[in-house]
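So the chains spell out like this:
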Amino acid sequence: MAGQKRAVTIGFLLALMLGVAVYLRIWSLDDSSFSADDREILRRQFERANLEAMDESAEWRMKYDNEMERTKQLKDELLKVKESLALSHKKLTMMQKEYVQLGKEMESLRQRCKCDIS
């Protein structure tokens, strides 16, 4: 377990260093073939891509929020159904006990009735 953790950490650090190296290499380019207009075009493209990414992120967040709200509503409905089922089960148990008790009373009344008739 510790070896796996260490391997992941080393991999992460290596990726981080590689990313920093690429970042520094890109920004250290001072190529005279890029004009100010080219840099402005690249900046605008980057801004447009960034805005699109933010819009997509907001869209996914809205979908996530909607699903969470729907899940919450379904959980509440399920809880209500479970409570209703538990209450119905209690009522059924009480009615079964009452039915057994009434059956015993009816049998008792039948026996008394036969005794009185004879």
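Residues numbered from 1 in each chain as written. Predicted model: local features only at pLDDT ≥ 70, side-chain atom pairs only at ≥ 80, totals over all residues. Heavy atoms only, no water.

J.: Tell me about the overall build of the chain, and please be specific about residues and values.
T.: Per the secondary structure count, the chain includes two helices and zero strands. Based on the C-alpha atoms only, the size of the chain along its principal axes is roughly 125 × 40 × 10 Å. Within the span of the chain, comprising 118 residues, buried residues form 0% of the whole. Surface exposure of the chain reaches about 11,900 Å², of which carbon and sulfur atoms provide 63%. (Helix = DSSP H or I, 4+ residues; strand = E, 2+ residues; numbered from the N terminus. Buried < 20%, exposed > 50% of the residue type's maximum accessible area, 1.4 Å probe, protein only. Areas by Shrake-Rupley, 256 points an atom, 1.4 Å probe, with all protein chains shown as cover.)

J.: How would you sum up the packing of aromatic side chains? Please name residues and give values.
T.: A full pass over the atoms with the stated rule returns zero aromatic pairs. A cation over an aromatic ring shows up here: Lys63 above the ring of Trp60, its NZ or CZ 4.5 Å from the ring centre. (Phe/Tyr/Trp six-rings, centres within 6.5 Å; stacked < 30°, edge-to-face > 60°. Lys NZ or Arg CZ within 6 Å of the ring centre and 35° of its normal.)

J.: Report on a nonpolar patch on the surface, specifying residues and quantitative values.
T.: On the surface, Phe12, Leu13, Leu14, Leu16, Met17, Leu18, Val20, Val22, Tyr23, Leu24, Ile26 and Trp27 cluster together to form a nonpolar patch covering roughly 1,300 Å² of accessible area. You can see Ile26 is positioned in helix 1 (residues 2–28). The class for Ile26 is exposed, based on a relative accessible area of 52%. (Patch = residues over 30% accessible without salt bridge, like charges linked within 9 Å, V, L, I, M, F, W, Y side chains within 5 Å. Salt bridge = Lys/Arg side-chain N within 4 Å of Asp/Glu carboxyl O.)

J.: Quick rundown of helix 1? Include the residues and the values.
T.: For helix 1, built from 27 residues, the straight-helix expectation of 39 Å at 1.5 Å per residue is met to within 8% by its first-to-last C-alpha distance of 39 Å. Of all 27 residues in helix 1, zero are buried, a share of ten percent or less. (Expected span 1.5 Å × (residues − 1).)

J.: Lay out the pattern of salt bridges in plain terms, naming residues and giving numbers.
T.: What the rule picks out here adds up to six salt bridges. A salt bridge links Arg43 to Glu47, with the nearest nitrogen and oxygen atoms 2.3 Å apart. One end of the pair is Arg43 and the other is Glu47, both in helix 2 (residues 36–117) and four residues apart, which spans about a single turn. The class for Glu47 is partly exposed, based on a relative accessible area of 39%.

Honestly, it's all geometry; don't read function into it.
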